[in-house]
Structure formats: C-alpha cells, structure tokens
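Reading the structure
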Protein chains: 2
Amino acid sequence: MTDHKLGHVAVTIKEVARVAGVSTATVTRALSNPEVVRPTTRERVREVAASLGYHPNRAARGLITGRTGNLGLLVPDLANPFFPSIVKGVQGRAHEADHAVFLADTDEDPAAEAGLVRKLAKQVDGIVLCSPRMAEPELRTLAAEVPTVLVYRRIAGVPSVTAEFLDGMRQAISHLVALGHQRIAYVAGPRRSWANRERVRSLRAVARKSGVELCEMGNVAPQFHGGVSIADRVLATEVTAVIAYNDLVALGLLHRFAARGVAVPDDLSVLGFDDIPLAEMVHPALTTVALPKEEAGQAGVDLLLRLLDSHQEVRRELPTHLMVRGSTGPAR
Amino acid sequence: MTDHKLGHVAVTIKEVARVAGVSTATVTRALSNPEVVRPTTRERVREVAASLGYHPNRAARGLITGRTGNLGLLVPDLANPFFPSIVKGVQGRAHEADHAVFLADTDEDPAAEAGLVRKLAKQVDGIVLCSPRMAEPELRTLAAEVPTVLVYRRIAGVPSVTAEFLDGMRQAISHLVALGHQRIAYVAGPRRSWANRERVRSLRAVARKSGVELCEMGNVAPQFHGGVSIADRVLATEVTAVIAYNDLVALGLLHRFAARGVAVPDDLSVLGFDDIPLAEMVHPALTTVALPKEEAGQAGVDLLLRLLDSHQEVRRELPTHLMVRGSTGPAR
DNA sequence: TTGAAAGCGATACCAG
DNA sequence: CTGGTATCGCTTTCAA
C-alpha cells in the first residue's frame, strides 16, 4: 500500500458506490445521465456524493471518453495588454462551459509554438491559438493534428475568429480625412505578422479610394520601443497624421514626440489599433480602432466547442469601432 | 497489418512496444528509467519512440503515479498588468521544469477562488495562488487540501513568496524626504488586501521614524479609476507628494491631475508601487517601487516543486527597488 | 534484463 | 433500472 502522506485523500467513485450501496456504474449514471436512474436511487447517490465531496477525476474520465474537459490557449506575448484581454475572454467562457484552460506564452517565438501545441495536445480537447507569425503550412499541419481555432488570424480551412480590419481602417481614414489630413504615415508592425499584412492591405485600399497620400514606414517590433525607435523618422516626413500598427507602438511614438516637444494632436495626430486599456490612461488619450478582445476569446471558445461537437467548420468576424480620443485633431 | 497513420491518432506505448519488439514495461523503463535497461534495447526503443513521435499520455501516467505534471495558477485580475508579468514567470519556469500550467482569473472575486482551486486540485500537483483578499482561515484550509504556494501574501504555515515592502517603503520615503517633502499622502488600496495592509504598516513605521507627516486616504479600487476617483481629494489636502497603493492608481491620479491642470512633478510629486510596464510609458514617467514580478512567479514554481519533493516548508522574500523617474521632484 | 499482469479512476457496453 | 466487466494508456510489482 503506497499512499502519499499528502494529508487529503481524494474520494473516488468506489467510495461513493460503497456508501450508497450501489455499483460504480450506477454512481456514474446518477451523476452524468440522471434520467436513466430511478429517482430514489439517484437522489441517494447524489446526496452521498455531495456529502463526501466527490468530484470525478477528469483525467481518468478523459482516458475513456476521449474528452478531457480542458482547452489549451497559446499567446505570443502576455506583456502586450492585448493578450491578457483575450485570455480573460477565453478563460471566462471556458469556465462557464466547465472547461479548464492551459495557458502558454510563447515569448514571441514562432518556432517554439508548434512544440508547445503538441505537448499540450494530449491533455486538451482543442486549442485556441493566437499565432500571428507561424508559417501557414505549419499552422495547417498543426490544425490537422488537434482541433484548433485561430484567433486574429485567418487561413483557409481552419476555423478562426478575426475582426473587420477593412472596416476599421475605413473608419480611421474617414475620421482623419474629416479633420483635414491628406498625408498620413503608417508605421508597420512585423513583416510576417498576419495582422500587419491585413492592416496594410486594408489601408492601401482605403487610402487609394479616399485619395490620401500614404507614407509607409517600418517594420518595427509590435511594442512600445518599436514606436519610440521610429518616431524621429516619422517627424522627418511631412505628414500631419500617423497610424501605428498597434497601440503599444502608438504609445511609443507619443512618448518620443513628447520628449521632442512635438504637441499631439496640435502638431501631429496619432492613431492606434487595438484599444488596449492603456489607450485611455495616457495624455492625450489615444484615438484608436477598437478590436474586440474578450469577445474574440469567447468566440474562440464557442467555435472550438462547437467544432468538437460536430466537426463543422466555422468562421467568425467581429466588428471594430473607432474610439476617438485626444490624440487626433485637425490637420495643422 | 501495419496501419501507418501519421499524426491524427495518438501513438500509444503499445504501438511503440510492438514496433520495437518489446513489452510495454520495457518501453516505460527505457524512457523514464534508462539505466535499468540494456543499452542496445534502450536505444532501439528510444529510436522507435522518437520516429513514431511518441509522447506518454500524462493523464494516464498521473493516474498511477499520482503526479500530473501540471500546475495551477490563480490570479485575481489579468487586466492589472502586474499579474501578466507574474503569469509569465510562472509559465516560463513551469515549462522549463516540463510542467504545464492551468490558468484561472478570478475576476477579483475572492468568493469564487476556493471553488476554482478545488476544481483544479484534481488535475494538478500544486497551486500557485495570488489571492490578496481571501480570508486567512479559508486560505489555510485550502493549503491543507492541495499543495499551495502563496505569491504576494504571507500566512504562517503556508509557503510563500513576497517582497520586502518595508525596505521599498524606506527607499520611497528617503527619496521624497531628500527632495524636501514633509507632508505626504497615501492613497490606500482595498482594505482587506494583504498588500495594502503591509504597505500601510511599513509606511507608518517609516514615516514615524523620518518625521514625515502622513495623510492617509482611501480605500480605493486597485485600478485606474480608483486613482481618478480620489485625485480631487488629494488635491484638497495640503500635501506636496502622494504615494499610491499601486501604479494603476497612480496613473489614475496622474490622469486626473493632468485634467485639472496640476503639473507633475512641479506642483505635486506622485509615486507608485509595482513598476508595471506602463509606468515608464506615460508622461511624466512614473517613479515607483519596483516589485519583482516574473521572479516572483519563478520563485513560486520553484518553491512548489521543492515542496512536492520533500514536504519542506519554505518562504522567500524578494528585494524591491525604487525606480526614480519623472513623476517626482523637489517639493514646491 | 525482461515480460506478464495488476491496477489507477472512471465510463460504456451488455446482460439480467 | 442496475450490476458486472472490459477498457482507456501508463506504471509498477513480481517472477522468470
């Protein structure tokens, strides 16, 4: 007999069966298939289970059902406030659906992602994957191995949740044009990032239609320092407004502009993307295109669970909203 | 018949055994107890395992060994940038130790925490718990049920990782005193929060010793809006400097001060606690007492793993550092 | 050094 | 409606 001395011994189904005077089979049924058990038996079992504080061991259950009740969530960098919001969404919805969530932060290292997914794969029913950079073929391979839903990345044949970037960009440009801006800079994010490519694509389309002159720069890291590092180059161009790849980059710009004595929005308008919480905490508050974050996480879980139940392929595209705040104003 | 199906169907130990021409027992040994297997056999098995892409099913293993290789991590609110940093630390160290991490965000609801812990308990070897508010007795009960390490909370009899608040406060006050400040406000965080109580205690001790006049206010929510909401009351007092419960609150103060036209640090100095990444992104950058975050997460995992191996009780206290930045200056 | 077999905790199928 | 039993994938005696 090898019992650890970890104080608390978990109560098993056998114990419940013994105390209730029934077989383990009946205990299972009373708990997960109530209608097939005679009411009096069912109640007795449930009471015993409750009084003993019995909770089925999910690992054991998963062994036979093939369902673990766990989900995996991969994000590139928790330090970007965009992702904690998504995590909150995933986590909240997963718990509502009585699923637990494995979290892995890949530290912006696409190479590590596949490995992490495969390690988690055995312990989860499916994976919510935020991977802006992993190569398409690899992503597709992965999705074939384990049920996967992509968040903020779209690939043919893989369920995904994204946002209407084009519409967001349209709102952003309309706003700037209405303020009289005609020459606008775009500070690009990582070249291989799907989100960046989408934003560039949308931006060019909208710019052409609106007749604005676009000045593209970058690529920079999708972080605060990325914005800081390119701010001076933005100033060197003759633009009246700048759109940053994301809010973090925009904040970096703001920071350096302030240091250089450039007044925002009087001398220059700044517009971000994402609407991370910080966006309204700074001065001037950042005008930005809000992307659904918690909602995206929730939708990701919804899609995944649906996928697990019926193998249907699904895709969802969430709306975006321009949040006009202090960092944009009339063209000088 | 050799069904060669790559990927989709998980390869089991049986399959490896069959291909390698040995028993499953030998496969296990070759993989997790190499020295007891004849070298030639061992190598053959390992090669087959590798070529088949075999990874043991941890749930099944856990069933018999009592070790799942999983850790649980509970945080009160991922929206406070303080916690993602801790999560990164936990997550990184756990992966180094080949453990996966379950994450749960309790949404600042201490009542939900115990339930979440118990739900996770069955699937993990131990739990890293960030719970500034849960009542002590309950916490102690929980810790008796499942191996637990507290992060940023200290309770007799439960392993924990904290920081030297007293020393941090000493540095903060010395800094302000050196700048000529004599009347200082403290904006308190949640009354029941352990961190707040510690900070108040330290602050009073240091203030008395330094002869500074302390003006305590609050309690406010540990968030941006908490700071915003109390800013005007701070202005109504005759202080030259204010220490906020944490950086988020400090940022709220900064925000409202800016709106009121109060110049920081010229009219008023502001000092925060935590050193969240945002602290240096705002203007003026926030002077703050830096708390180890990733390190705390890592230490939490270290303690937990140690605890699991030897049932030793441990405690660790990490150093703090004052980060002097733009939000503090000479007393007016 | 290796294999056969007994479980770990739970569920699912098949009788009764 | 209920009980017995095989089984999930793996580890661990116990013999050989």
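Residues numbered from 1 in each chain as written. Chains lettered and ligands numbered in written order. Predicted model: local features only at pLDDT ≥ 70, side-chain atom pairs only at ≥ 80, totals over all residues. Heavy atoms only, no water.

- Taking an unreviewed UniProt entry as the reference, chain A is identified by name as LacI family DNA-binding transcriptional regulator belonging to Paractinoplanes pyxinae.

**Looking at the nonpolar core**
- Counting 160 residues, the largest nonpolar core has V234(A), F257(A), V234(B) and F257(B) as its most contacted members.
- Setting aside residues no more than four positions away along its own chain, V234(B) makes contact with V187(B), M217(B), V239(B), V242(B), L253(B), F257(B) and L268(B).
- In terms of nonpolar packing, the next biggest core, distinct from the first, is built from 36 residues, L74(A), I127(A), A114(B) and V146(B) among them. (Core = buried A, V, L, I, M, F, W, Y, C linked by side-chain atoms within 4.5 Å. Buried < 20%, exposed > 50% of the residue type's maximum accessible area, 1.4 Å probe, protein only. Contact = heavy atoms within 4.5 Å.)

**Some remarks on the interface of chain A and chain B**
- Counting residues at the interface gives 44 residues for chain A and 45 residues for chain B.
- Of the roughly 4100 Å² buried between chain A and chain B, counting both surfaces, carbon and sulfur atoms make up 64%.
- When the area that chain A buries against chain B is broken down by residue, the three leading residues are K88(A), K122(A) and M281(A), summing to 16%.
- At the boundary of chain A with chain B, the tally comes to eight salt bridges.
- Salt-bridge contacts for K119(B) lead to D98(A); the nearest nitrogen and oxygen are separated by 2.8 Å. (Buried area = accessible area lost by both parts, 1.4 Å probe. Salt bridge = Lys/Arg side-chain N within 4 Å of Asp/Glu carboxyl O.)

**Observations regarding the packing of helix α1 (residues 13-20) of chain B against helix α3 (residues 39-52) of chain B**
All names here are of chain B.
- Direction vectors running N to C along α1 and α3 enclose 125°, while the axes themselves pass 9 Å from each other. In terms of their interaxial angle, α1 and α3 are classed as oblique. The element α1 and its partner α3 pack so that their crossing is right-handed. Here α1 contributes E15, V16, V19 and A20 to the contact with α3, which in turn contributes R44, V45, V48, A49 and L52. (Axes fitted to C-alpha atoms, helices over the stretch in contact; angles between N-to-C directions. Helix = DSSP H or I, 4+ residues; strand = E, 2+ residues; numbered from the N terminus. Parallel < 35°, antiparallel > 145°, perpendicular 65-115°, else oblique. Left-handed = near helix turned anticlockwise from the far one by under 90°.)

**A short note on the relation of the copies chain A and chain B**
- With an axial shift of 0.0 Å and an RMSD of 0.1 Å, the rotation relating chain A to chain B amounts to 180°. The two molecules are tied by a two-fold rotation axis, judged by turn and shift. Among all residues of chain A, the one whose C-alpha sits closest to the rotation axis is F102(A), at a distance of 2.2 Å.
- Both copies share a contact surface, since 93% of the interface residues of chain A are interface residues in chain B too. (Least-squares fit on C-alpha atoms with pLDDT ≥ 70 in both.)

**Some words on the protein's contact with DNA strand D**
- Neighbouring DNA strand D are 26 residues, the closest being T26(A), R29(A), T41(A), I13(B) and R61(B).
- Between R61(B) and DNA strand D, the recorded distance is 2.6 Å, taken from a side-chain N or O atom to a phosphate oxygen.
- Going through the elements one at a time, α2 (24-32) and α4 (58-65) of chain A together with α2 (24-32) and α4 (58-65) of chain B are the ones with two or more residues in the surface near DNA strand D.
- Counting residues per element, the surface near DNA strand D draws most heavily on α4(B), which supplies five residues.
- Considering only residue class, the surface near DNA strand D consists of 13 nonpolar, nine polar and four charged. (Near = heavy atom within 4 Å. Polar contact = N/O pair within 3.5 Å; in protein donor to acceptor, adjacent residues only side chain to side chain. Nonpolar A, V, L, I, M, F, W, Y, C, P; charged D, E, K, R; others polar.)

**Focus on the packing of aromatic side chains**
All names here are of chain A.
- Taken as a whole and judged by the stated rule, the model has 11 aromatic pairs over all chains.
- The interplanar angle of 85° and the centroid separation of 5.2 Å between the aromatic rings of F82 and F83 together place this pair among those described as edge-to-face. Here the two residues F82 and F83 agree in accessibility, since each one is buried.
- What links up through ring pairs into an aromatic cluster is the set F82, F83, Y152, F165, W194 and F273.
- Taking NZ or CZ as reference, R199 lies 4.9 Å from the ring centre of Y245, over its face. (Phe/Tyr/Trp six-rings, centres within 6.5 Å; stacked < 30°, edge-to-face > 60°. Lys NZ or Arg CZ within 6 Å of the ring centre and 35° of its normal.)

**Digging into the layout of surface pockets**
- In this structure, the second largest pocket encloses a volume near 610 Å³.
- Lining of the second largest pocket is provided by 31 residues; of these, A79(A), I276(B), P277(B), L278(B) and M281(B) occupy positions nearest its centre. (1 Å grid on protein atoms, 1.4 Å probe; cavity = no way out; pocket = protein on both sides within 12 Å on 5 of 7 lines; lining within 4 Å. Points joined across faces, edges and corners; volume = space filled by probe spheres on them.)

**Thoughts on the environment of D302(A)**
All names here are of chain A.
- Topologically, D302 is positioned in helix α12 (residues 294-310).
- For D302, a relative accessible area of 17% translates into the label buried.
- Distance in space between the C-alpha atoms of D302 and V149 is 9.6 Å, their sequence separation being 153 residues.
- Discounting chain neighbours no more than four positions away, the residues touching D302 are R93 and R316.

**Some thoughts on the pairing of strand β5 (residues 160-163) of chain A**
All names here are of chain A.
- Alternating residues of β5 divide into S160 and T162 and V161 and A163, and every residue in both groups is buried.
- As paired elements, strand β4 (residues 148-151) and β5 share two bridges and run parallel to each other. Note that in β5 the partner of V151 across the bridge is V161.
- Here β5 pairs with strand β11 (residues 315-318) via four bridges, running parallel. If you follow S160 over to β11, its bridge partner there is R315. (Pairing = 2+ DSSP bridges.)

**Let's talk about the sheet that holds strand β9 (residues 269-274) of chain B**
All names here are of chain B.
- The sheet built from six strands is open, its strands ordered β7-β6-β8-β9-β10-β12 with mixed pairing. Each having just a single partner strand, β7 (213-217) and β12 (321-323) make up the two edges of the open sheet. The mean angle between the axes of side-by-side strands here comes to 20°, regardless of whether they run parallel or antiparallel.
- Summarising the sheet, β9 and strand β10 (residues 287-290) pair through four bridges and their orientation is parallel. Bridge assignment links F273 to a residue of β10, and that residue is V289.

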